[in-house]
Number of protein chains: 2
Amino acid sequence: MYNNSNLIAVGFNPKKTYIFSDLNNSDTLYPIAVKIAKHSTFSTVKGIFGFNHETNPGMIFFPAMQAAPCFLPSELYGKETVCLIPAAIDQDPYWRLTRDVANKIGHYKPVQIHCKFLPGLGKGGKMSSSDSGTAIYTTDSPDRVKKKVWNSFTGGGGSLKEHREKGGKPQICSVYQYFLYLFEESDERLAELIKSCKIGETICGDCKTVLTERVTRFLLEHQKKREKAKDAVEEFFITR
Amino acid sequence: MYNNSNLIAVGFNPKKTYIFSDLNNSDTLYPIAVKIAKHSTFSTVKGIFGFNHETNPGMIFFPAMQAAPCFLPSELYGKETVCLIPAAIDQDPYWRLTRDVANKIGHYKPVQIHCKFLPGLGKGGKMSSSDSGTAIYTTDSPDRVKKKVWNSFTGGGGSLKEHREKGGKPQICSVYQYFLYLFEESDERLAELIKSCKIGETICGDCKTVLTERVTRFLLEHQKKREKAKDAVEEFFITR
């Protein structure tokens, strides 16, 4: 699995970063999860997560395991620490449960920042790693990146002629979303891009060429860093 | 807690014995428990253990944690090993659940020996550590042992005169149970005791004197061994 080395490759500081896993670090997490579970009920997790009588007991207990890291510094070092959770909205139910329990076990409530979902390269919807056609993986080669970007859903006209006449719709264009979220830092240039697309000046091929080049440059660099990061993974483990 | 050193004091071989705890060794147990839980449902554990919607998720998951040690050698060393569980009948539901799951995760079904409950010193029922009057603790002093044994429920007559005339009832006598289970190894002497009690020859004071002496001798020796065992506890830990 590349997960850990990807994190390191994007620049997390090993002095401030602790990587842990539910399965490999249960010595640390399970005792905290048990405390949390004591202040919860099947009714509660059933209501929040839509469990039913066929749900396996591991899933019923899982919200408590998921909540445990919120109290890690407080539990491990005995100094009450507020936890800030950057996660997308789909994880929100876990932190609501956690906030309900926090005070009952003597800790601060964790707080959260809702991150936006990265859009996919298809029409609408979030990027899903299970749809390989519309998701760019951090392991993709330049050829695959090119193919995916050139197959992406854009806001361009049905033909070049139509595009030149009526202009494009950047608001529904997945390539534009990619610039907006990740690959164009300048708000000014984004504004210009919208303008020139809407009047049919910039065509989809132009955008796809630039995006392909930027994604490829980022990934080649990232993949190099990740190779180096592999040897450093253990420095990040909570058990170090 | 004396639990671990008590086990060592009664003579378990450190080369063949591994002591572990759900909370201290979850790194080992939790990943196995998760596998087990996947082949179970809330309906199943609800039915077996009488859980309801107010039950905490830790309890709902606990049967999977309790089942995990049955597969420890198989999981840790990759060599399929049959597990024999010596436990009293109240633990039986856990092993039934475990036997249902075993084959599904590729392991042998565990097998069990039902141990008898040790009777208390009161009238009927099993010994309960929460009833300090009718339970002898391994930490009790000779004075407390004497007091407990002399206050115990016996099968003796209402008065010495009555006992001499009508005899006693060893079958309901807690002191006799103590001889039977723990402190009289000779079946011959047990048979003699029954006989002489029933004809009123042996009186309760005789039995209580002998039992007090034997329990005290055992406990003083045990407490000495336990003190020594304390330093050896870590040799028994599964993490050694």
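Peer 1: For this particular structure, what's the right way to read the confidence of the model for chain A?
Peer 2: Scored by pLDDT, chain A has a mean of 93; 99% of the residues are at 70 or more. In the model output, the complex is listed with pTM 0.82 alongside ipTM 0.80.

Peer 1: When you look at the relation of the copies chain A and chain B in this model, what are you seeing that I'm missing?
Peer 2: One copy of the chain maps onto the other through a rotation about an axis plus a displacement along that axis. Superposing chain A onto chain B takes a rotation of 180° combined with a translation of 0.0 Å along the rotation axis, leaving an RMSD of 0.1 Å. Those values place the two copies in the arrangement expected of a two-fold rotation axis. A high fraction, 100%, of the interface residues of chain A reappear at the interface in chain B, so the copies pair face to face through one surface.

Peer 1: Which parts of the structure should I look at to understand the interface of chain A and chain B?
Peer 2: How big an interface is tends to be stated in terms of accessible area lost as the parts join. Each partner contributes to the interface: chain A provides 22 residues, whereas chain B provides 22 residues. Only helix H2 (26–37), helix H3 (42–49) and helix H4 (57–67) of chain A provide two or more residues apiece to the side of chain A that touches chain B. Of all the elements, H2 of chain A adds the most residues to the side of chain A that touches chain B, at six residues. For the side of chain A that touches chain B, the class distribution of residues is eleven nonpolar, eight polar and three charged.

Peer 1: Whenever I open this one, the environment of Gly 158 of chain A confuses me. Can you help?
Peer 2: The residue Gly 158 of chain A is located in the loop between helix H7 (142–150) and helix H8 (160–166) in this model. Remark: the alpha-carbon pair of Gly 158 of chain A and Gln 171 of chain A, spanning 13 residues in sequence, is separated by 16 Å.

Thresholds, definitions, all that
- Residues numbered from 1 in each chain as written.
- Chains lettered and ligands numbered in written order.
- Predicted model: local features only at pLDDT ≥ 70, side-chain atom pairs only at ≥ 80, totals over all residues.
- pLDDT = per-residue confidence, 0-100.
- Least-squares fit on C-alpha atoms with pLDDT ≥ 70 in both.
- Contact = placed C-beta atoms within 7 Å.
- Helix = DSSP H or I, 4+ residues; strand = E, 2+ residues; numbered from the N terminus.
- Nonpolar A, V, L, I, M, F, W, Y, C, P; charged D, E, K, R; others polar.

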